[in-house]
Amino acid sequence: MQKNIQSVRGMRDIHSQDAACWMYLEDSLKKLSNRYGYEYIKFPILEKTALFKRSIGDNTDIIEKEMYTFADRNGDSLSMRPEGTAVCVRAGLQQGLLYNQRRKFWYLGSMFRHERPQQGRYRQFEQFGLEVFGISSVDVEVELILFCNRLWRELGIENVLQLNINTIGTIETREEYKRELVSFFRDNIDSLDEDSVRRLETNPLRILDSKNPNLKDIISRAPSILDYLDDGSKEHFIELKKMLENLKITYRVKPTLVRGLDYYNDTVFEWSTDSLGAKSEVCAGGRYDKLVSLLGGHECPGVGFAMGLDRIVSLMQQIDVNYNQKTDLFVISDDILSVRSKAMEIAEGIRSNYPDKSIMIYTGNGNFKKQFKEADKYKAKVAVILGDKEFKNDSISAKILNDDTSQTMYTMQEFDRFLHNNLV
Ligand code: ATP
Ligand code: MG
């Protein structure tokens, strides 16, 4: 016998109760985006490699070692998208959506990064993101945070998430800070690990983001970016904190929060949790006012976030909620072509009249006992039965399952009333 072919390492199948949880989360996100007035945008999975190189920055983990990059048949270098923001900007520019406009987008889809797979870290993972263009004030940053806050609340996971904010100033002031930081770490080079020594040359800010516990002490003594801000960035950060306080959103200022991507400025934020083993981030975002021009557009402020849905699903699964889809009504019928046809017609009629309800019908061979068993398996609330007797009398029987009332035969008119009273 041949060996089964397995999925690619770090890429998962999602099914059964997990899939139900995913669907609940995705539905919630779609509805919430609509409730906040954001518009849906969809973009390709493959992009030219140059897009990510130019936007994300050469000395980042993503570009250095995580991208799925290959030459297509024409020899063009393509990459599977590792994140959504750069693609959203590329699409916005190409489709003329950003010039002199204020736009608010949401997207949802798979991202790809060649990382070492572990709990909460996959090579194909799902991100949901919001991206706002043309608005440079803090209120929109607060709106993004309020959106997340509401999502956590409505999912019931607000208690395990905390908001960290920081500002990383302008790209210019950051250069000055970087010089100070490099000189501090050079003076303490013996306390650094190999990765950080390398980053000293390439991307010193990322040292602050190191997950190595041995570096905690040295990082806590490093100069703080908050001492290097210009007046504009300082004012912006004060306004952000003030607005969050006005709206009673709890936050923590985390001066080492820098984000791994080069294109951010001023506000950065993340939502993190202690409930997923190692401390981990489920959502990260910030302002990127220079990204649109970096990718060839006119100056256009931007701000957004991306949340990692795989990790959010794990949090949802830690609370005791059943996300399985409920079957509202189950149609059972004699296994005879004419009767089954009629039963299907009835099921279609109920689906038309009750579009929000889940109506199943038994398909395949099986006696009534087997069919009732299946109705139980799907935890249907109501069973509708079309036997030979009902078929001949133009009537139909129904029974509320898991309840002592007996099965009753109705005329079609009575049956409509029964549904009206019981399918709520
Ligand atoms: P991390 O520090 O965990 O590597 P990151 O800074 O690389 O995260 P971002 O690029 O900011 O992550 O992506 C936003 C969110 O996407 C993260 O907060 C996380 O929830 C999720 N995410 C990132 N990489 C992965 C992955 N490989 N598997 C699952 N989720 C991921
Ligand atoms: Mg990463």
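Residues numbered from 1 in each chain as written. Chains lettered and ligands numbered in written order. Predicted model: local features only at pLDDT ≥ 70, side-chain atom pairs only at ≥ 80, totals over all residues. Heavy atoms only, no water.

(A) Examining the packing of aromatic side chains more closely. Evaluation of the coordinates by the stated rule reveals 20 aromatic pairs. On the basis of an interplanar angle of 45° and a centroid distance of 6.1 Å, the ring pair of Phe147 and Phe305 is categorised as tilted. Here Phe147, found in helix 5 (residues 138-155), pairs with Phe305, found in strand 11 (residues 302-308); they are 158 residues apart in sequence, far enough to count as distant. Judged on exposure class, the residue Phe147 and its partner Phe305 are both buried. Here Tyr177 and Tyr228 contribute two aromatic rings whose centre-to-centre distance is 5.3 Å and whose plane-to-plane angle is 55°, an arrangement assigned as tilted. Here Tyr228 lies in the loop between helix 8 (216-221) and helix 9 (231-246) and Tyr177 lies in helix 6 (residues 171-187), a separation of 51 residues in the sequence. With a relative accessible area of 1%, Tyr177 lands in the buried category. An aromatic cluster of at least three residues, connected via ring pairs, comprises Tyr36, Tyr40, Trp106, Phe128, Phe147, Phe269 and Phe305. The positively charged end of Arg12 is found above the aromatic ring belonging to Tyr122, 3.9 Å away from the centroid. (Phe/Tyr/Trp six-rings, centres within 6.5 Å; stacked < 30°, edge-to-face > 60°. Helix = DSSP H or I, 4+ residues; strand = E, 2+ residues; numbered from the N terminus. Buried < 20%, exposed > 50% of the residue type's maximum accessible area, 1.4 Å probe, protein only. Lys NZ or Arg CZ within 6 Å of the ring centre and 35° of its normal.)

(B) Here's a closer look at the pairing of strand 12 (residues 329-333). Of all 5 residues in strand 12, 5 are buried; the element is thus mostly enclosed. In strand 12, alternate side chains face the same way, and those of Leu329, Val331 and Ser333 on one face and Phe330 and Ile332 on the other are all buried. Pairing between strand 12 and strand 13 (residues 359-361): 3 bridges, direction parallel. Residue pairing in the sheet places Val331 in a bridge with Ile361 of strand 13. In this region the chain leaves strand 12, passes through helix 12 (residues 337-353) and returns to the parallel neighbour strand 13; the handedness of that crossover is right-handed. (Pairing = 2+ DSSP bridges. Right-handed = clockwise from strand over helix to strand, strands pointing away.)

(C) Inspection of the sheet that holds strand 7 (residues 162-167) at higher detail. Spatial ordering of the open sheet is given by 1-5-6-11-10-9-7-8, a layout of 8 strands whose pairing is mixed. Looking along the sheet, the strands with just one partner apiece sit at the ends: strand 1 (39-40) and strand 8 (252-253). As paired strands, strand 1 and strand 5 (residues 103-112) are joined by 2 bridges and run parallel to one another. Directly across from Glu39, in strand 5, lies its bridge partner Phe105. Each of strand 5, strand 6 (124-133), strand 7, strand 9 (265-273), strand 10 (280-287) and strand 11 touches helix 5; the most contacted strand, strand 11, lies at about 20° to it. (Contact = heavy atoms within 4.5 Å. Axes fitted to C-alpha atoms, helices over the stretch in contact; angles between N-to-C directions.)

(D) Molecular detail of the site of ligand 1. Near ligand 1 you find 16 residues, and of these Arg113, Glu115, Arg121, Tyr122 and Lys211 are the closest. Separating an oxygen atom of ligand 1 from a side-chain N or O atom of Gln127 is a distance of 3.0 Å. In this structure, an oxygen atom belonging to ligand 1 sits 3.0 Å away from a main-chain N or O atom of Glu281. Protein coverage of the free-state accessible area of ligand 1, which is 590 Å², stands at 92%. (Near = heavy atom within 4 Å. Polar contact = N/O pair within 3.5 Å; in protein donor to acceptor, adjacent residues only side chain to side chain. Areas by Shrake-Rupley, 256 points an atom, 1.4 Å probe, with all protein chains shown as cover.)

(E) Just the pairing of strand 11, in detail. For strand 11, the tally of buried residues reaches 7 of 7 residues, placing the bulk of the element in the interior. Both strand 6 and strand 11 contribute to a ladder of 7 bridges, which runs antiparallel. Bridge pairing links Gly129 to Ala306 in strand 11. Bridge analysis of strand 10 against strand 11 gives 5 bridges, and the strand direction is antiparallel. What sits directly across from Gly286, in strand 11, is Gly304.

(F) Representation of the layout of surface pockets in the model. Considering only enclosed or pocket space, the second largest pocket measures out at about 500 Å³ in volume. Looking at the second largest pocket, it is lined by 20 residues, and the ones nearest its centre are Met23, Tyr24, Asp27, Lys31 and Tyr323. Counting residues per element, the ones that place at least two in the lining of the second largest pocket are helix 1 (16-35) and helix 5. Ranked by residues supplied to the lining of the second largest pocket, first place goes to helix 1 with 8 residues. Across the lining of the second largest pocket, the residue classes tally to 7 nonpolar, 5 polar and 8 charged. (1 Å grid on protein atoms, 1.4 Å probe; cavity = no way out; pocket = protein on both sides within 12 Å on 5 of 7 lines; lining within 4 Å. Points joined across faces, edges and corners; volume = space filled by probe spheres on them. Nonpolar A, V, L, I, M, F, W, Y, C, P; charged D, E, K, R; others polar.)

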